[in-house]
Amino acid sequence: MTLSYRPESLEVVLEKLALAKHILFAGGSDLMVQHSARPGIPPTYDNNVIFIDAINSLKQIKEVMISGTQFVSIGAGANLHQIEIDPLVPEILQRSVASIAAPALRNRATLAGNICNASPAADSLPALYVLEALVVLASVDGERTVPISEFITAPGKTVLAKNELLVAVLIAKQDLPITFYHKVGTRAANALTKLSVVGVANIVDEIIVDWRVAFGAVGPTVIRSIEIEQKLLNKPITLLVQESAVKNIVDAYGEVIKPIDDQRSTASYRHGVSLALLQRWLNQLSDQ
């Protein structure tokens, strides 16, 4: 028989995880789909379930200082609506989570759940990649911090150990005033993602001092190429007026974007639209 627990302290959760594998339940929006049964029949789980929604310390969004760097810390229990409206959260992440499903679901679903589900189409992930977010993983042995780009290894796969809980997401305070976000779905709201493109940049005295872009749902994990980004850093913004320069960047991403055909869309559509949106982002930068 499956048992369920709803502790009010993180310590109890970690102690139970140290003893045996459990299913962690925060918002449950992905879990309820994965374990759904016929109407009127409750879902079934292979392991005991730990509900973490009663742990108030995991619901906080706050500023923290770590080794001289200021971060925004988003607790694993904070729901998407909290993130959407909290002024501490970077605007590009707010826009990304605002596109997830319907308001009722965002009042329940969590960012940590969206991350741990590790879907290539997860709406929050491209923004977290360009923001170079860190995830904090806790166990009875202590905590470790992992870059988001290293945390997710494949569709549905992460480096989270069976005795660990993702307790927070850390985003360093950064000067990235120029942003780009576009999600392509079957309709304007409450739609699963066909693809998404997220960009952030900073231009000082007409020099590109920071520029990042990430693509969702066009590979097994989020696509971000630091090598290609380096080609624009410390270059004059007037470079993007040159069609050849823009074409070189777009062509380079054309080599690293590897979408697939599935029930939502075709690989050729995803590839072509991703590159068209990238070109739109580059054109917008040239107007700054």
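See the structure above.
Let me begin by describing the structure that accompanies this report. The written sequence of each chain sets the order in which its residues are numbered from 1. Since the coordinates come from a predicted model, pLDDT governs what is reported: local features require at least 70, and pairs of side-chain atoms require 80 or more to be given and counted, while whole-chain, interface and lining totals use all residues. Remark: hydrogens and water are excluded; side-chain values derive from all non-hydrogen atoms of the structure.

The subject of this paragraph is the pattern of salt bridges. Should a side-chain nitrogen of Lys or Arg be within 4 Å of a carboxyl oxygen of Asp or Glu, the pair is scored as a salt bridge. Applying the stated criterion across every chain yields a total of 12 salt bridges. A salt bridge links R6 to D53, with the shortest nitrogen-to-oxygen separation between them at 3.1 Å. Taken together, the residues R6 in the loop between β1 (4–5) and α1 (10–19) and D53 in the loop between β3 (49–51) and β4 (61–66) connect sequence positions 47 residues apart. Throughout, exposure labels follow a simple rule: accessible area from a 1.4 Å probe, protein chains only, divided by the maximum for the residue type, with under 20% read as buried, over 50% as exposed, and the rest as partly exposed. A relative accessible area of 53% places R6 in the exposed class. Taking the shortest distance from any N to any O, the salt bridge between D210 and R212 comes out at 2.9 Å. According to the relative accessible area criterion, D210 is buried, its value standing at 18%. Helix and strand labels come from DSSP, where a helix needs a run of H or I of at least four residues and a strand needs a run of E of at least two; each type is numbered from the N terminus.

A separate point is the sheet that holds strand β2 (residues 23–25). Note on pairing: two strands pair once DSSP finds at least 2 bridges between them. Strand order across the open sheet formed by three strands is β1-β3-β2, with parallel pairing between neighbours. For this open sheet the edge positions go to β1 and β2, each flanked by a neighbour on one side alone. Pairing of β2 with β3, which is carried by three bridges, proceeds in the parallel orientation. Within β3, the position partnered with F25 by the bridge is F51. It only takes one pair of heavy atoms within 4.5 Å for two residues to be counted as in contact. Fitting a line to C-alpha atoms yields each axis, with helices limited to the stretch in contact; the angle taken between N-to-C directions then spans 0 to 180 degrees. Relative to β3, α1 is tilted by about 165°, and along the sheet it contacts β1, β2 and β3.

Judged by how many residues are buried, strand β6 (residues 134–139) sits mostly within the fold: five of six residues are covered. Bridge count for β6 against strand β7 (residues 142–147) is six bridges, and the pairing is antiparallel. The partner of V135 across the bridge, within β7, is V146. Joining the antiparallel neighbours β6 and β7 is a turn of two residues.

If you trace the four strands from one edge of the open sheet to the other, you get β11-β12-β13-β14, paired in antiparallel fashion. At either margin of the open sheet sits one strand with a lone partner, and together these are β11 (178–185) and β14 (235–236). Bridge count between strand β13 (residues 207–216) and β14: two bridges; the pairing is antiparallel. Among the inter-strand pairings, I208 is bridged to a residue of β14, identified as K235. Contacting β11 and β12 (193–204), helix α4 (residues 91–98) crosses the sheet at an angle of about 15° to β11. Sheet contacts for helix α11 (residues 267–286): β11, β12 and β13; angle to β12, the most-contacted strand, approximately 20°.

One recurring pattern in soluble globular proteins: nonpolar side chains tend to sit buried together. Residues belong to a common nonpolar core when they are buried Ala, Val, Leu, Ile, Met, Phe, Trp, Tyr or Cys residues joined through side-chain atoms within 4.5 Å. If you look at the biggest cluster of nonpolar residues, it comprises 40 residues, and the most contacted ones within it are I74, L93, L111, I115, L128 and V169. Ranked by the residues each element gives to this core, the list is headed by helix α7 (residues 125–130), at five residues. For V169, the contacting residues outside a window of four places in its chain are V72, S73, I74, L111, I115, L128, A133, L134 and V135. Listed in part, the 30 residues of the second largest apolar core include V213, V218, I228 and V273.

Read these as geometric descriptors, not functional statements.
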